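Chain residues, written in single-letter form:
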Amino acid sequence: MLIGQDITIMGGGIGGFAAACALSQRGAKVTVLEQAPELGEVGAGLQISPNGVRVLDALGLGEAARSRSTRSRGVWLRDGVTGREVIDLDLGRLRPDETWLLFHRADLLDVLVQGARHLGVTIETGVRVERVELTESRPVLHIEGEGPRVVDFLVGADGLHSVLRPELNGKREPFFTGQIAWRALVPATGREEAEASVYMGPGRHLVTYPLRQGQVVNLVAVEERSDWAAEGWFHKDDPANLMKAFEGFCQDARDVLSRVEEVHVWGLHRHPVAIEWHRGATALLGDAAHPTLPFMAQGAVMALEDAWVLADSLAVQGMQDGPALYQARRRTRVTRVIEAANKNARNYHYGNPVAKLLGHGVLRIANRLAPQKVLERFDWIYNHDVTKE
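Every value quoted in this text rests on a predicted model; they were computed, and no experiment measured them.

A. Region of the structure containing the pairing of strand E16 (residues 216-224). Taking burial as the measure, the 9 residues of E16 include 7 buried ones, the bulk of the element. Bridge analysis of strand E13 (residues 175-187) against E16 gives 9 bridges, and the strand direction is antiparallel. The residue bridging Leu185 from the neighbouring strand is Asn218, located in E16. As paired elements, strand E15 (residues 204-211) and E16 share 8 bridges and run antiparallel to each other. Across the sheet, residue Tyr209 finds its bridge partner in E16, namely Asn218. With antiparallel pairing between neighbouring strands as the criterion, E15 and E16 make up a hairpin whose turn holds 4 residues, including Arg212 at a positive phi of roughly 50°.

B. Structural context of the sheet that holds strand E19 (residues 282-284). Spatial strand order, E8-E2-E1-E12-E19: 5 strands in an open sheet with parallel pairing. Both outer strands of the open sheet, strand E8 (122-125) and E19, are each paired with one neighbouring strand and no more. Strand-to-strand twist across the sheet, computed as the mean angle between neighbouring axes with direction ignored, equals 20°.

C. Seen up close, the packing of aromatic side chains. Going through the model one piece at a time under the given rule, you end up with 5 aromatic pairs. Connected via pairs of aromatic rings, a cluster forms that spans Trp100, Phe378 and Tyr382. Against the face of Trp380 rests Arg336, its NZ or CZ located 3.7 Å from the ring centre.

D. Inspection of the pairing of strand E6 (residues 85-90) at higher detail. Where strand E5 (residues 74-79) lies against E6, 5 bridges are found, and the strand directions are antiparallel. Bridging from a neighbouring strand, Gly74 pairs with Asp90 of E6. Taken together, E5 and the strand that follows it, E6, pair antiparallel across an intervening segment of 5 residues, in which Gly83 is found at a positive phi of about 85°.

E. Broad picture of the packing of helix H1 (residues 14-25) against helix H9 (residues 299-348). Packing of H1 against H9 brings their axes to within 8 Å, and their N-to-C directions diverge by 25°. What the angle tells us is that H1 and H9 run roughly parallel. Remark: the crossing between H1 and H9 carries right-handed chirality. Of the residues in H9, those in contact with Ile14, Gly15, Ala18, Ala19, Ala22, Leu23 and Gln25 of H1 are Ala300, Ala303, Leu304, Ala307, Trp308, Ala311 and Leu314. Residues of the contact of H1 with H9, tallied by class, amount to 12 nonpolar, 2 polar and no charged.

F. Representation of the environment of Val273 in the model. With respect to the helices and strands, Val273 occurs in the loop between strand E18 (263-270) and E19. Separated by 19 residues in the primary sequence, Val273 and Thr292 place their C-alpha atoms 8.9 Å from one another. In contact with Val273, other than residues within four places in its own chain, are Arg165, Ala289, His290, Arg331, Thr335 and Ile338.

G. Inspection of unusual backbone geometry at higher detail. Here the phi dihedral of Gln213 falls at roughly 55°; this positive angle occurs in a residue that is not glycine. A positive phi angle, close to 55°, is found at Ala297, a residue other than glycine. Inspection of the secondary structure puts Ala297 in the loop between E19 and H9. Judged by its relative accessible area of 27%, Ala297 is partly exposed.

H. Representation of the environment of Leu310. With respect to the helices and strands, Leu310 occurs in helix H9. In contact with Leu310, not counting residues within four places along its chain, are Val155, Ala283, Leu285 and Tyr326.

I. Region of interest: the side chain of Ser72. You can see Ser72 is positioned in the loop between strand E4 (70-71) and E5. Of note is the side chain of Ser72, whose polar atom sits 3.4 Å from the backbone oxygen of Gly74. Among all residues touching Ser72, those that are not within four sequence positions of it are Leu91, Trp100, Leu102, Ala194, Glu195 and Ala196.

J. The arrangement of the sheet that holds strand E7 (residues 101-104) in detail. Overall, antiparallel pairing links the 3 strands, which are arranged E3-E7-E4 in an open sheet. Both edges of this open sheet fall to strand E3 (45-48) and E4, since each of them pairs with a single strand only. By the bridge criterion, 2 bridges tie E4 to E7 in an arrangement that is antiparallel. Looking across to E7, one finds that Arg71 is bridged to Leu101. Docked against the sheet, helix H5 (residues 105-118) engages E3 and E7, running at close to 95° with respect to E7.

Calculation notes
Residues numbered from 1 in each chain as written. Predicted model: local features only at pLDDT ≥ 70, side-chain atom pairs only at ≥ 80, totals over all residues. Heavy atoms only, no water. Buried < 20%, exposed > 50% of the residue type's maximum accessible area, 1.4 Å probe, protein only. Helix = DSSP H or I, 4+ residues; strand = E, 2+ residues; numbered from the N terminus. Pairing = 2+ DSSP bridges. Axes fitted to C-alpha atoms, helices over the stretch in contact; angles between N-to-C directions. Phe/Tyr/Trp six-rings, centres within 6.5 Å; stacked < 30°, edge-to-face > 60°. Lys NZ or Arg CZ within 6 Å of the ring centre and 35° of its normal. Parallel < 35°, antiparallel > 145°, perpendicular 65-115°, else oblique. Left-handed = near helix turned anticlockwise from the far one by under 90°. Contact = heavy atoms within 4.5 Å. Nonpolar A, V, L, I, M, F, W, Y, C, P; charged D, E, K, R; others polar. Polar contact = N/O pair within 3.5 Å; in protein donor to acceptor, adjacent residues only side chain to side chain.

Here's what the structure looks like:
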């Protein structure tokens, strides 16, 4: 147990608040520092697969999570140009005992925040940590407008641009993948199925799924492009640019895109998995340790898994040796998940007609004869349960 241990979490996102809940459950006194002035409607859609739902259940938040999300019926892959079905993975039929949830990020965050507050977690907003100083005894946070603050143990859940990660690993520049992504929320028409639809085309693909009990539709569109684009969700773009990129797609895809009024664009960059996840009284978590491309929908889920395993490792092995156990339990798995996401991007973007014919043909045959085999390829991701390791 961690009774009486004072732990500070830098970053009030999904991973940060999941860690706050998991650590508090084990008796730790937890403070979460978030640089935004308030916890609000940031981000868009998230898919939480069964391995992430198991963590939410173990945190005692399963009922609240289900009430704030849409249960996914399946994944429907289509040829983006013709609209023809490639494969329909009916999760309700193929995996009736597993739960896949579709969230607005703000709703999942609110579930975690409320859980943290119930457990007595202290939340400080508007706190911008400019840098972290690693001393021999305890980490020192240099906070804008406040000065230095010494903490007993620091969890860096501060995302892609973590200030703790370079202190542990040095600064390494990511490289542009040659792909950009758009993200938007659009009004629902009332006809959307509770599933993720993936429209696949040459050098691009579009993913859509409903949120908030079918009130809105989340869309993520990806295009291969040589022009560099900056990272981050908050770069606004003209919806006309998105429409132009997908003008050759089928009517269903264009109908969704035509409802876009506000869209953000960012460049997809590859970051190496951190070599060092911990040093002294610190540990990295989620995107701060292992950013991933969005092609397996596992970014938030890996952060949930990290949160549970970090808390469990500290409780089992203690504050000195627990961080090393945490890294040992997590690094191989997240590296494999990230590699799977990297490969999945290519499967959506067939440009060669022969490769497309073969690739889509294999999936169509599997759709008729053994769709469960397609899902089984990723059982190592979705069937995993970190709460029972």
